[in-house]
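So you can see what is in the structure, the chains are spelled out below.
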Amino acid sequence: MLKLLISLLLLFPFLTKAQDSVKVNAVYIEAGGIGAYGSIGYERLFPISIKWQLGTRAGISTLNFVDFNDKFNPDLILPITISGYYGSKHQAEIGLANTITGINEFVNNDTKRNWSANGALIIGYRFNASRNPLFVKCFYSPMLIEYKRLIHWGGLAIGFRF
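Calculation notes
Residues numbered from 1 in each chain as written. Predicted model: local features only at pLDDT ≥ 70, side-chain atom pairs only at ≥ 80, totals over all residues. Heavy atoms only, no water. Helix = DSSP H or I, 4+ residues; strand = E, 2+ residues; numbered from the N terminus. Buried < 20%, exposed > 50% of the residue type's maximum accessible area, 1.4 Å probe, protein only. Contact = heavy atoms within 4.5 Å. Pairing = 2+ DSSP bridges. Polar contact = N/O pair within 3.5 Å; in protein donor to acceptor, adjacent residues only side chain to side chain.

Enquirer: What is the right way to look at the overall build of the chain in this model?
Expert: The number of helices and strands found in the chain is 1 helix and 10 strands. Tracing the chain from N to C terminus, the helices and strands come up as α-β-β-β-β-β-β-β-β-β-β. Across the 162 residues that make up the chain, the buried fraction comes to 41%. Sequence-distant contacts in the chain: of pairs separated by 6 or more residues, those separated by 24 or more amount to 51%.

Given below as structure tokens:
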């Protein structure tokens, strides 16, 4: 799935047409969501038509900044998303996500980073203010932890379009 997401991220800029009136870049802060308890991220929108947009996002999050030896060694959570948006001011969102996690574990009196991947579906709503670059969104995001165990999750985000 990760290879598919990366391929789509690289391919879609060449397949979509640009519209000058649409702000295509965004940065945001997310509470909950696919980055665990919160994340910061960057999104790039590719307008497909007046009502449809394709969005690709990448972010970063962490759970702990220090490891078991009290050394700076943060856990890494890297969410990657591809979503379709329908609407202009009020938008429906549906998307797929993959989260790559590198969590520090204590093994044999030392710290070892355990890498894994989690998949997610994103179903949400996004409000874009008319003359303001701010947006807010809320979403439901069922996740497959290590593609084995299903958990129900969601999130809220606020961002700035430019």
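Enquirer: Looking at this structure, I do not really get the pairing of strand β2 (residues 38-47). What am I missing?
Expert: Consecutive side chains along a regular strand alternate between the two faces of the sheet. Burial runs high along β2: 7 of the 10 residues are buried. Examined bridge by bridge, strand β1 (residues 25-32) and β2 share 7 bridges and lie antiparallel to one another. Bridge pairing in β2 links A31 to G38. Hairpin geometry of β1 and β2 is characterised by an intervening segment of 5 residues between the two adjacent antiparallel strands and by a positive phi of about 80° at G33. Sheet analysis places β2 next to strand β3 (residues 52-60), joined by 8 bridges and oriented antiparallel. Paired with I40 across the strands is I60, a residue of β3. Here β2 hands over to β3 after 4 residues, the two strands then running antiparallel side by side.

Enquirer: Hey, could you run me through the side chain of N104 in this one?
Expert: Relative to the helices and strands, N104 is located in strand β5 (residues 90-107). Here N73 takes part through its backbone oxygen, which lies 2.5 Å from a polar atom of the side chain of N104.

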